[in-house]
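Chain by chain, the residues run as shown.
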Amino acid sequence: MGTTDNGFSATGLRILREVLARPVESGRIPGLVALFSRGEETHVEVLGTMSHDGGAPMSRDTIFRMASTSKPVTVAAAMVLLDECRMRLDDPVQQWLPELADRQVLARFDGPLDETVPARRPITVRDVLTSTFGLGMDMTSLGTPIMNEVFAQGLTPNLPEPMPEPDEWMRRLGTLPLMHQPGERWQYQISNDLLGVLVARVTGRPFEEFLAERVFEPLGMADTGFHVPAGQLHRLPPLYAPDPQTGEFLVWDAAEGGRHSKPPLFPSGGGGLNSTADDYHAYFRMLLNGGVHKGRRILSRAAVELMTTNRLTPEQQAARHAMAVANVHTSHGQGQHGGWGFGMAVRTYRGDYAPIGQFGWDGGSGTATYADPANQLTGILLTQVGASTPDSMLLIHDFWTTLYQAMDA
């Protein structure tokens, strides 16, 4: 059958379609949108329906809850501020976030909240960008006093109560000790939400406004934001969290009246975006193009290189890798990348079909977004099935395996 202009084989593309169709035909994934490109060649596969019981078909412009795949995109707002010298990597954040001045650090990360030592130094912008500021989600530390308090204070998304507005969120965060010394250990999630508050404080503007003006609008990402306008809710499928025992499709978040149907109190840089395959494609292609989109510079080349290359020390990488491996029962094999840049994973060793240097991230709502500079490859897979069952995460794995086998040159 030969190859297409940029090295996808016709046979490989057929296999990829067949692999994507399997969980849709078996009923485990109601529908999906997959978009992948290499060079100037773009392919889109749209399969299945918006709802698990049929109804409207999926379409290329379906809007999805991006969950943690928000992280690689929202970090761009901070990079704009670094480019413009409105903040610096080693600036202490307490000048904008006084709630984080004079930190105390737990004597033991799993110990009592009142057994602390003083922080050895202030938290810096770099610590927040690299997810090493001292607090974060660790699924291997559930049940510790500090993790219990993070949940009790409503500092993370996906709890029954929504996160409070940013100033109150910061106030609550400021009442907690850190788990680790600033800059010491990579931890997940909270830093990405903190970054949104930092951007808002530095600019004196709501995070969502600055992000839209400086990133989404110049990239033409018209369908990306922290809520879906009423007139577009018909494009948002329900998000399912299937019952792990029975597989029954339970609705985690409906479109009408759901978590994304109105502007949130807290615009979550860690997991709050809604978007489409084409919007995300514009963003990741801009990164592959060194910060330029259609002749317009969005970020400096140096900023993109900082974001998309590993920023962790060998010790931090080892701890992060150990956490991913210990977490494999919930992550279904995701997270085996080695490194972390700003807001995204970066492959630093060859653990699967993807080469060193691939960057991006996965979302618990059944989404995945990565780019690979070595092959000039972008891949985006969006579903409406959360990770309560392995189905969407296994499909993400198979999508990447078949995408790499489809490349002939």
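Everything discussed here concerns the structure shown above.
Residues numbered from 1 in each chain as written. Predicted model: local features only at pLDDT ≥ 70, side-chain atom pairs only at ≥ 80, totals over all residues. Heavy atoms only, no water.

1. Some thoughts on the overall build of the protein chain
- The helix and strand tally for the protein chain stands at twelve helices and 16 strands.
- Radius of gyration (C-alpha) of the protein chain: 20 Å, near the 22 Å computed for a compact globule of 409 residues.
- By residue count, 57% of the 409 residues in the protein chain fall in the buried class.
- In the protein chain, 68% of the contacts between residues at least 6 apart in sequence involve partners at least 24 apart.
- Of the roughly 16100 Å² of accessible surface on the protein chain, a fraction of 52% belongs to carbon and sulfur atoms.
- Of note, the protein chain has its 33 positive side-chain charges centred 5 Å away from the centre of its 45 negative side-chain charges. (Helix = DSSP H or I, 4+ residues; strand = E, 2+ residues; numbered from the N terminus. Rg over C-alpha atoms; globule rule 2.2 N^0.38 Å. Buried < 20%, exposed > 50% of the residue type's maximum accessible area, 1.4 Å probe, protein only. Contact = heavy atoms within 4.5 Å. Areas by Shrake-Rupley, 256 points an atom, 1.4 Å probe, with all protein chains shown as cover. Lys, Arg positive; Asp, Glu negative; His and termini not counted. Charge placed at Lys NZ, Arg CZ, Asp CG, Glu CD.)

2. Notes on the pattern of salt bridges
- A full pass over the atoms with the stated rule returns 21 salt bridges.
- In this structure, arginine 108 engages aspartate 110 in a salt bridge whose closest nitrogen and oxygen atoms are separated by 3.3 Å.
- Among the residues examined, aspartate 110 registers a relative accessible area of 35% and is labelled partly exposed.
- For aspartate 127, the salt bridge identified is with arginine 121, shortest N-O distance 2.8 Å.
- According to the relative accessible area criterion, aspartate 127 is buried, its value standing at 3%. (Salt bridge = Lys/Arg side-chain N within 4 Å of Asp/Glu carboxyl O.)

3. Here's the deal with the sheet that holds strand S14 (residues 359–363)
- Reading across from one edge, S3-S2-S1-S16-S15-S14-S13-S12 is the order of the eight strands in this open sheet, with antiparallel pairing throughout. Each end of this open sheet is capped by a strand with a single partner; those strands are strand S3 (54–57) and strand S12 (338–340). The mean angle between the axes of side-by-side strands here comes to 20°, regardless of whether they run parallel or antiparallel.
- Bridge count between S12 and strand S13 (residues 345–347): three bridges; the pairing is antiparallel. Each bridged residue has a counterpart across the sheet, and for tryptophan 340 the counterpart in S13 is alanine 345.
- Where helix H12 (residues 391–405) meets the sheet, its contacts fall on strand S1 (31–38), S14, strand S15 (367–372) and strand S16 (377–383), and the angle it forms with S16 comes to roughly 155°. (Pairing = 2+ DSSP bridges. Axes fitted to C-alpha atoms, helices over the stretch in contact; angles between N-to-C directions.)

4. Notes on the environment of proline 112
- One can find proline 112 in the loop between strand S5 (104–106) and strand S6 (116–118).
- Separated by 21 residues in sequence, proline 112 and phenylalanine 133 place their C-alpha atoms 20 Å apart.

5. What about the pairing of S14?
- Counted residue by residue, S14 has five buried out of five residues, so it is predominantly covered.
- Neither face of S14 is open: one carries Phe359, Trp361 and Gly363, the other Gly360 and Asp362, and all of them are buried.
- Sheet topology places S13 next to S14; two bridges connect them, and they run antiparallel. Within the sheet, the bridge partner assigned to alanine 345 lies in S14 and is glycine 360.
- Bridge count for S14 against S15 is five bridges, and the pairing is antiparallel. Its bridge partner lying in S15, tryptophan 361 is registered against threonine 369.
- Counted between consecutive antiparallel strands, the loop separating S14 from S15 contains three residues, among which glycine 366 sits at a positive phi close to 85°.

6. Comments concerning the packing of helix H2 (residues 71–83) against helix H7 (residues 207–219)
- Where H2 contacts H7, the two axes come as close as 9 Å, and the packing angle between them is 85°. In terms of orientation, H2 and H7 fall into the roughly perpendicular class. Only Phe207, Phe210, Leu211, Arg214, Val215 and Phe216 of H7 make contact with H2, whose side of the interface consists of Val73, Thr74, Ala76, Ala77, Val80 and Leu81.
- Residue classes in the contact of H2 with H7 are distributed as ten nonpolar, one polar and one charged. (Parallel < 35°, antiparallel > 145°, perpendicular 65-115°, else oblique. Nonpolar A, V, L, I, M, F, W, Y, C, P; charged D, E, K, R; others polar.)

Such coordinate-based values are descriptive only and should not be taken to indicate function.
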